[in-house]
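One-letter residues, chain by chain:
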Amino acid sequence: MNNEIQQVRALMAQKPRANLGFFPTPFYKLERMSRELGVELYIKRDDFSGMSLFGGNKIRKLEYLMGDALDKGCDTVFTYGATQSNHAMQTVTAARKLGLTPILYLNAYVEPDENDIRANMLLDRVLGAQMHIVKGLDGETEAQTEARCVELGHQHAQRLEAQGHKCYDIPLGGASVVGSAGFIGGYAELMEQCADMNLEPDHLFLATGTGGTLAGLVAGRAMLGGGPRIVGVAVSEKGPEYEKKCANLANGALEWLGAPARVEDSDFTVDRGYFAPGYEQPNERATRAIRMLARMEGLITDPVYTGKALAGLLGAVESGQLAQGSRVVFWHTGGATALFAEREILGDLSQA
């Protein structure tokens, strides 16, 4: 597999890249949790990606997205998400480091209190991002509100372009062909770390939202010709076309790199059993998982993404889907700032 890892690196080295993160991120065994669960549980700490204390998985995507923006001569970056979006905040940090102007169009799933701005919204404000909060209209679905955010952003970009600016548009979660390619490199990094430990993992679990991270990891697995079964635990409701969307992203990223590998819809395993009642809405299984990891390993996950993914992993162990003695990787995508967000997002975690 070493030859394939070097091929991934060679192809990625040909693409414009902004140096934003700190790689490789740590990878190690969770000893106490392993003994408790009866599996060998390892953690990939992409919450340590950088570039600030509040880094996470989006940094891998943003290195290539921002590299592309700079290569195209852009001076302004637009992106979208919920008001407490990790992706939006990390995009702002990257833009500030690189001297670009960040503009956000944010959907108010949970309406913020202007007199008590918290968590990622507070960081966005400290960083000086231009924030536009878009509230849902009566009878409008969340998807329709998101689409309206994007349309408003595109209109804004057109106005700036007419004034002589050059704008770069980053979709929700950085889930584009360019962004997803960052996780092809991430998968190669993980497998090299596993090889150094003489470890052959059986399963890899992660949170999946917009699908870019999952797409990149599955594309990386295809390029390397093997590795663990990858399970994306959905953090919001996903329709029947979600796997196809992820496969399209993965294949687009592979094509963008010039790699011959391809994936199918069937290469994606998405567990839809742990997101309810909805995005940015806590549930008891995630709360339990967050407390368990915190109290056994001193590690923090969040109620929006990683807590729900960890709940999916624990559920797979408890149901017997993961055999005792299995070697399991949990990919920590960051997002702990959600623990300092609005109470509606936090749920019962503040209770003893």
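Model, not experiment: these values are computed from the prediction. (Residues numbered from 1 in each chain as written. Predicted model: local features only at pLDDT ≥ 70, side-chain atom pairs only at ≥ 80, totals over all residues. Heavy atoms only, no water.)

Engineer: I keep staring at the overall build of the protein chain and nothing clicks. Help me out?
Structural biologist: Within the protein chain, the regular secondary structure consists of twelve helices and ten strands. Across the 352 residues in the protein chain, those meeting the buried criterion constitute 57%. Across the protein chain, every contact between residues at least 6 apart in sequence was considered, and the portion connecting residues at least 24 apart equals 79%. Between the averaged position of the 34 positive side-chain charges in the protein chain and that of its 43 negative side-chain charges there is a distance of 3 Å. (Helix = DSSP H or I, 4+ residues; strand = E, 2+ residues; numbered from the N terminus. Buried < 20%, exposed > 50% of the residue type's maximum accessible area, 1.4 Å probe, protein only. Contact = heavy atoms within 4.5 Å. Lys, Arg positive; Asp, Glu negative; His and termini not counted. Charge placed at Lys NZ, Arg CZ, Asp CG, Glu CD.)

Engineer: Where do I start with the pairing of strand 4 (residues 101-107) in this structure?
Structural biologist: The two faces of the sheet receive side chains in turn, since in a regular strand these alternate between them. For strand 4, a buried count of six out of seven residues is recorded, marking the element as mostly surrounded by other parts of the structure. Taken together, strand 3 (residues 76-82), helix 4 (residues 86-98) and strand 4 constitute a β-α-β crossover, and its handedness is right-handed. Bridge analysis of strand 4 against strand 5 (residues 130-134) gives five bridges, and the strand direction is parallel. Across the sheet, residue Leu104 finds its bridge partner in strand 5, namely Met131. (Right-handed = clockwise from strand over helix to strand, strands pointing away. Pairing = 2+ DSSP bridges.)

Engineer: Looking at this structure, how should I read empty space enclosed by the protein?
Structural biologist: Using a probe with the size of a water molecule, rolled over the atoms, empty space left in the structure can be pinpointed. Summed over the entire model, instances satisfying the criterion amount to one cavity of 30 Å³ or more. Size it by volume and the largest cavity reaches roughly 50 Å³. In this structure, the largest cavity is lined by Gln84, Asn86, Tyr279, Glu280, Val304, Tyr305, Gly335, Ala338, Ala341 and Ile345. (1 Å grid on protein atoms, 1.4 Å probe; cavity = no way out; pocket = protein on both sides within 12 Å on 5 of 7 lines; lining within 4 Å. Points joined across faces, edges and corners; volume = space filled by probe spheres on them.)

Engineer: How should I be thinking about the packing of aromatic side chains in this particular structure?
Structural biologist: Two numbers describe a pair of aromatic rings. These are the distance of the centres and the angle of the planes. The final tally for this structure, using the stated rule, is five aromatic pairs. Summarising the aromatic geometry, the rings of Phe27 and Tyr42 are spaced 5.8 Å apart at their centres and angled 25 degrees between planes, so their arrangement reads as stacked. Linking Phe27 in strand 1 (residues 27-29) with Tyr42 in strand 2 (residues 40-45), this pair joins segments that are 15 residues apart in sequence. Accessibility classification places Phe27 together with Tyr42 in one group, the buried group. Stacked on the ring of Trp256, the Lys or Arg Lys15 has its end atom at 4.5 Å from the ring centre. Its guanidinium or amino end placed over the ring of Trp331, Lys44 lies 6.0 Å from that ring's centre, counting from NZ or CZ. (Phe/Tyr/Trp six-rings, centres within 6.5 Å; stacked < 30°, edge-to-face > 60°. Lys NZ or Arg CZ within 6 Å of the ring centre and 35° of its normal.)

Engineer: Even after reading the chapter, I still don't get the layout of surface pockets, so can you show me in this structure?
Structural biologist: Of the voids in this model, the largest pocket is the one considered here, and its volume is about 820 Å³. In terms of lining, the largest pocket is formed by 38 residues, of which the most central are Glu146, Gly209, Thr210, Ser236 and Lys238. Elements with a minimum of two residues in the lining of the largest pocket: helix 3 (58-71), strand 3, helix 4, helix 6 (142-162), strand 7 (203-208), helix 8 (212-224) and helix 9 (242-257). When the residues that make up the lining of the largest pocket are grouped by side-chain class, the tally is 14 nonpolar, 17 polar and seven charged. (Nonpolar A, V, L, I, M, F, W, Y, C, P; charged D, E, K, R; others polar.)

Engineer: Looking at this model, I keep getting lost on helix 10 (residues 284-297). Mind explaining?
Structural biologist: Spacing of three or four residues puts side chains on the same side of an α-helix, whose turn is 3.6 residues. Relative to the 20 Å expected for 14 residues at 1.5 Å per residue, helix 10 spans 20 Å between its end C-alpha atoms, a close match to the ideal helical length. Within the sequence span of helix 10, burial applies to Ala286, Thr287, Ala289, Ile290, Arg291, Met292, Leu293 and Met296. Two or three places before Arg285, at the opening of helix 10, Asn283 has a side-chain oxygen 3.2 Å from that residue's backbone nitrogen. At the C-terminal side of helix 10, Gly298 shows a positive phi close to 70 degrees. (Expected span 1.5 Å × (residues − 1). Polar contact = N/O pair within 3.5 Å; in protein donor to acceptor, adjacent residues only side chain to side chain.)

Engineer: Can you help me understand the packing of helix 3 against helix 4 in this one?
Structural biologist: For any two helices packed against each other, the geometry comes down to the angle between their axes and how far apart the axes lie. It is at 10 Å that the axes of helix 3 and helix 4 come closest, and there the two elements cross at 45 degrees. Between helix 3 and helix 4, the angle is such that the two are oblique. Our pair here, helix 3 against helix 4, has a crossing hand that is right-handed. Contacts from Lys58, Ile59, Leu62, Met66 and Leu70 of helix 3 reach helix 4 at His87, Gln90, Thr91, Ala94, Ala95 and Leu98. For the contact of helix 3 with helix 4, the class distribution of residues is seven nonpolar, three polar and one charged. (Axes fitted to C-alpha atoms, helices over the stretch in contact; angles between N-to-C directions. Parallel < 35°, antiparallel > 145°, perpendicular 65-115°, else oblique. Left-handed = near helix turned anticlockwise from the far one by under 90°.)

Engineer: Sorry, what's going on with unusual backbone geometry here?
Structural biologist: Excluding glycine, a negative phi dihedral is what most residues carry, and trans is how most peptide bonds are arranged. Between Gly50 and the following residue, Met51, the backbone shows a cis peptide bond with an omega angle of 0 degrees. Summarising the element assignment, Met51 is placed in the loop between strand 2 and helix 3. Each neighbour pair has its own omega, and for Ala276 with Pro277 the value is 10 degrees, a cis peptide bond. Tracing the backbone shows Pro277 in the loop between strand 9 (269-271) and helix 10. Positive phi is not limited to glycine here, since Ala119 has a value of about 50 degrees.

Engineer: Just to check I follow, could you spell out the side chain of Glu63 for this structure?
Structural biologist: Examined against the element boundaries, Glu63 turns out to sit in helix 3. In this structure the side chain of Glu63 is engaged in a polar contact, spanning 2.6 Å, whose partner is the side chain of Arg17. Look past the residues within four positions of Glu63 in its chain and what remains in contact with it is Pro16, Arg17, Ala18, Asn19, Leu20, Gly21 and Phe23.

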